[in-house]
Amino acid sequence: MTMSPPKLQSKLKLDEQLLHQLQKSPKTMNETTFPPAISARSSQFIFLAALSCISGVLSICGNIVVLIAIFRTKSLHTISNYFIASLAVADLMVGILLNPILAAKAVIFSYLDPERPLKGSVFDKVEDFAWIQAVVATTFGLTAISIDRYIAVKFGFRYETLITPKFCLLATASVWLGSFVFASVRLFLDKPQDLSTLWLIMGVITCIFPTLIITFCYMSIFREAKQQIRKIKQESSLAARQEQTRRNNPAGVSHTKTAFTVAIVILLFIILWVPSLATAATQFSLSGSNKPKDQVTLVKLEREVWMWVSLVAYLSSASNPWVYSIRSREFRTACKKIFNFFGSHSRVEHFSVTASEFTVGL
């Protein structure tokens with residue numbers, strides 16, 4: 001049975017359309033397949049992991065020395081140094097938890113297997129929890145120190161009555177309790193939209209509010225310090241200058257120097273953490289996009305960019321102990337005593353071992 005010309009033409013058109021679709025389908029699949037955002041076995045991730053480990057060791061050793069110095073030195077038993085000790089504990093946790101987590105993440109999820117799922121995993125939740133807790137404890141700790149320095153410089157005579165050890169303990173406990181409560185929210189969130197909201201709220205609470213408070217405190221501190229310097233310079237003789245200093249603020253020089261030390265710590269924190277905030281903002285802006293190019297960018301941000309900006313942010317925990325030591329003579333003296341103690345202790349142990357070996361030889 002032969003087909004009529006109209007039916008034959010219709011069938012030929014259908015066959016041509018089907019053939020055209022079959023020829024087009026591989027091309028369509030290639031267009032929608034994401035190219036690899038990062039390459040496996042890239043040496044940069046091993047280098048990053050090594051740097052993270054070094055940064056972690058420096059953070060642990062430096063902040064332990066700071067804590068021992070404050071604990072063993074009576075002259076460092078001040079309210080401001082108690083706040084600094086709280087900040088040192090937060091920096092210590094960065095070295096103990098976040099630096100090793102970053103090194104493991106760089107090796108497992110970027111160097112060995114870039115395609116391995118990360119979002120929603122236990123590893124991801126633990127890292128986010130530790131990250132949020134450290135950021136909240138650090139930013140609010142810096143805010144507490146800034147308020148303490150503001151009161152010390154602004155109300156010198158009334159400082160000891162306004163800032164008591166009980167107030168310091170209450171403020172420190174509130175900072176740490178709030179950091180753990182806020183970080184625990186991450187453990188109960190899995191949806192991308194909820195996570196985006198959490199990071200946005202965290203950015204406002206842990207960055208904008210503390211920055212406003214810290215800025216106000218230090219603008220007032222610098223203004224007050226400038227006024228005191230101007231008053232002192234008006235006196236002609238050295239004795240008159242010293243008397244003017246004592247009359248204006250008995251511990252003004254010490255309070256102002258401590259305030260400037262904390263200002264350096266805050267400035268370093270802001271500089272080193274700005275890349276993380278910029279990366280988070282970029283990631284948040286692309287999170288709702290379905291474009292292949294944006295999806296590749298998100299993968300690159302997660303598996304590569306975040307690694308490096310996190311490492312830069314964690315450097316603040318390793319640098320803070322050096323700032324304390326360089327700026328404070330009391331810290332330098334206390335640290336020298338600690339190193340001398342451990343040095344002499346190791347020499348005594350070495351001498352004891354040598355003597356025992358000599359006795360056995362006899």
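Every residue gets a number counted from 1 within its own chain, in the order that chain's sequence is written. Note on the predicted model: pLDDT of at least 70 is required for a residue's local features to be given, and 80 or more for side-chain atom pairs to be given and counted; whole-chain, interface and lining totals, by contrast, use all residues. The side-chain numbers reported here are obtained from all heavy atoms of the structure, hydrogens and water having been left aside.

With respect to the UniProt feature "transmembrane region" (unreviewed entry) in the chain
For step 1, the next point in the chain: UniProt positions are given in the numbering used here, feature names are shortened, and annotations may be inferred rather than shown by experiment. Per the UniProt entry, the sites bearing "transmembrane region" (unreviewed entry) are residues 45-70, 82-109, 129-147, 167-189, 195-221, 259-285 and 305-324 in this numbering.
For step 2, the next point in the chain: Secondary structure elements follow DSSP: runs of H or I of four or more residues count as helices, runs of E of two or more count as strands, with numbering from the N terminus. Taken end to end, residues 195-221 comprises 100% helix and 0% strand; its first and last C-alpha atoms sit 38 Å apart.
For step 3, the next point in the chain: Secondary structure content for residues 259-285 is 100% helix and 0% strand, and the end C-alpha separation is 37 Å.

Side note on the pattern of salt bridges
For step 1, the next point in the chain: The working definition used for a salt bridge is a side-chain nitrogen of Lys or Arg within 4 Å of a carboxyl oxygen of Asp or Glu. Applying the stated criterion to the full structure yields seven salt bridges.
For step 2, the next point in the chain: Among the ionic pairs, E304 bridges to K300, the shortest N-O distance being 2.8 Å. Of this pair, E304 and K300 both sit in helix α10 (residues 292-327), four residues apart, roughly one helical turn.
For step 3, the next point in the chain: Where R303 meets E302, a salt bridge forms, and the shortest distance between an N and an O atom there is 3.1 Å.
For step 4, the next point in the chain: Burial status follows relative accessibility: with a 1.4 Å probe on protein chains alone, a residue under 20% of its type maximum counts as buried, one over 50% as exposed, and anything between as partly exposed. You can call R303 buried: its relative accessible area is 5%.
For step 5, the next point in the chain: Here the salt bridges do not stand alone but share partners, grouping D124, D128 and R186 into one network.

Focus: the environment of L97
For step 1, the next point in the chain: Along the chain, L97 turns up in helix α3 (residues 79-112).
For step 2, the next point in the chain: When its relative accessible area of 37% is taken as the criterion, L97 is described as partly exposed.
For step 3, the next point in the chain: With 34 residues separating them in the primary sequence, L97 and W131 have C-alpha atoms 9.1 Å apart.

Comments concerning α3
For step 1, the next point in the chain: One less than the number of residues in a helix, times 1.5 Å, gives the span that helix is expected to have. With 34 residues, α3 ought to run about 50 Å at 1.5 Å a step, and its terminal C-alpha atoms sit 48 Å apart, in line with that.
For step 2, the next point in the chain: Bend, in this description, refers to the angle at a residue between axes fitted to the seven residues ending there and the seven starting there. The axis of α3 is deflected most strongly, by about 35 degrees, at V94.
For step 3, the next point in the chain: By the criterion of burial, α3 is predominantly enclosed, with 24 of the 34 residues buried.

Topic: helix α6 (residues 165-184)
For step 1, the next point in the chain: Counted at 1.5 Å a residue, the expected span for α6 with its 20 residues is 28 Å, and the 29 Å between its end C-alpha atoms agrees.
For step 2, the next point in the chain: The set of residues buried in α6 consists of C168, A171, T172, V175, W176, S179, F182 and A183. Projected down its long axis, α6 carries its buried residues within an arc of 135 degrees, all on one side. Facing away from the buried side of α6, by more than 90 degrees, are the exposed residues K166, L169, L170 and L177. Arc definition: directions from the helix axis to the C-beta atoms.

Description of the side chain of T279
For step 1, the next point in the chain: Residue position: T279 is located in helix α9 (residues 252-286).
For step 2, the next point in the chain: Residues contacting T279, with those up to four places away along its chain left out, are L301, V305, W306 and V309. Note on contacts: a residue pair qualifies if any of its non-hydrogen atoms lie within 4.5 Å across the two residues.

A few points about the nonpolar core
For step 1, the next point in the chain: Membership of the largest hydrophobic core comes to 64 residues, with the highest contact counts inside it found for W131, I132, Y218 and Y314.
For step 2, the next point in the chain: Of all elements in the fold, only α2 (43-72), α3, α4 (122-154), α6, α7 (192-233), α9, α10 and α11 (329-361) reach the threshold of two or more residues within this core.
For step 3, the next point in the chain: In this view, I132 contacts F182, A183, R186, L198, W199 and M202; residues no more than four positions away in its chain are not counted. The set of buried Ala, Val, Leu, Ile, Met, Phe, Trp, Tyr and Cys residues whose side-chain atoms join them within 4.5 Å is what this entry labels a nonpolar core.

Side note on the packing of α3 against α4
Two packed helices can be described by the angle between their axes and the distance between those axes.
For step 1, the next point in the chain: Orientation is described by axes fitted as lines to C-alpha atoms, over the contacting stretch for helices, and by angles from 0 to 180 degrees between their N-to-C directions. It is the contact of α3 with α4, at a shortest axis distance of 9 Å, that shows an interaxial angle of 155 degrees. Between α3 and α4, the angle is such that the two are roughly antiparallel. Remark: the crossing between α3 and α4 carries left-handed chirality.
For step 2, the next point in the chain: By the convention adopted, Pro, Cys, Tyr, Trp, Phe, Met, Ile, Leu, Val and Ala count as nonpolar, Lys, Arg, Asp and Glu as charged, and the other residues, Gly among them, as polar. Partitioning the contact of α3 with α4 into residue classes produces 20 nonpolar, three polar and five charged. Under this scheme an angle from 65 to 115 degrees is roughly perpendicular, one under 35 degrees roughly parallel, and one over 145 degrees roughly antiparallel; angles in between are oblique. Helix crossings fall into two classes, left-handed where the near helix is turned counterclockwise from the far one by less than a right angle and right-handed where it is turned clockwise.

Examining the packing of aromatic side chains
For step 1, the next point in the chain: Pairing of aromatic side chains requires ring centres within 6.5 Å, counting the rings of Phe and Tyr and the six-membered ring of Trp. Pairs whose planes differ by under 30 degrees are stacked, by over 60 edge-to-face, and all others tilted. Scanning the entire structure with this criterion turns up 10 aromatic pairs.
For step 2, the next point in the chain: In textbook terms, an aromatic cluster arises when at least three aromatic residues are bridged by ring pairs, as seen for W131, F269, W273, W306 and Y314.

Let's talk about the side chain of R186
For step 1, the next point in the chain: Topologically, R186 is positioned in the loop between α6 and α7.
For step 2, the next point in the chain: Here a polar contact means two N or O atoms within 3.5 Å. Within protein one must be a hydrogen donor candidate and the other an acceptor candidate, and residues neighboring in sequence count only if both atoms are side-chain atoms. Separated by 2.8 Å, the side chains of R186 and D128 make a polar contact.
For step 3, the next point in the chain: Among the polar contacts made by the side chain of R186, one reaches the main-chain carbonyl oxygen of L189 at a distance of 2.8 Å.
For step 4, the next point in the chain: Once residues lying within four places of it in the same chain are set aside, the contact partners of R186 are D124, K125, D128, F129, I132, L195 and L198.

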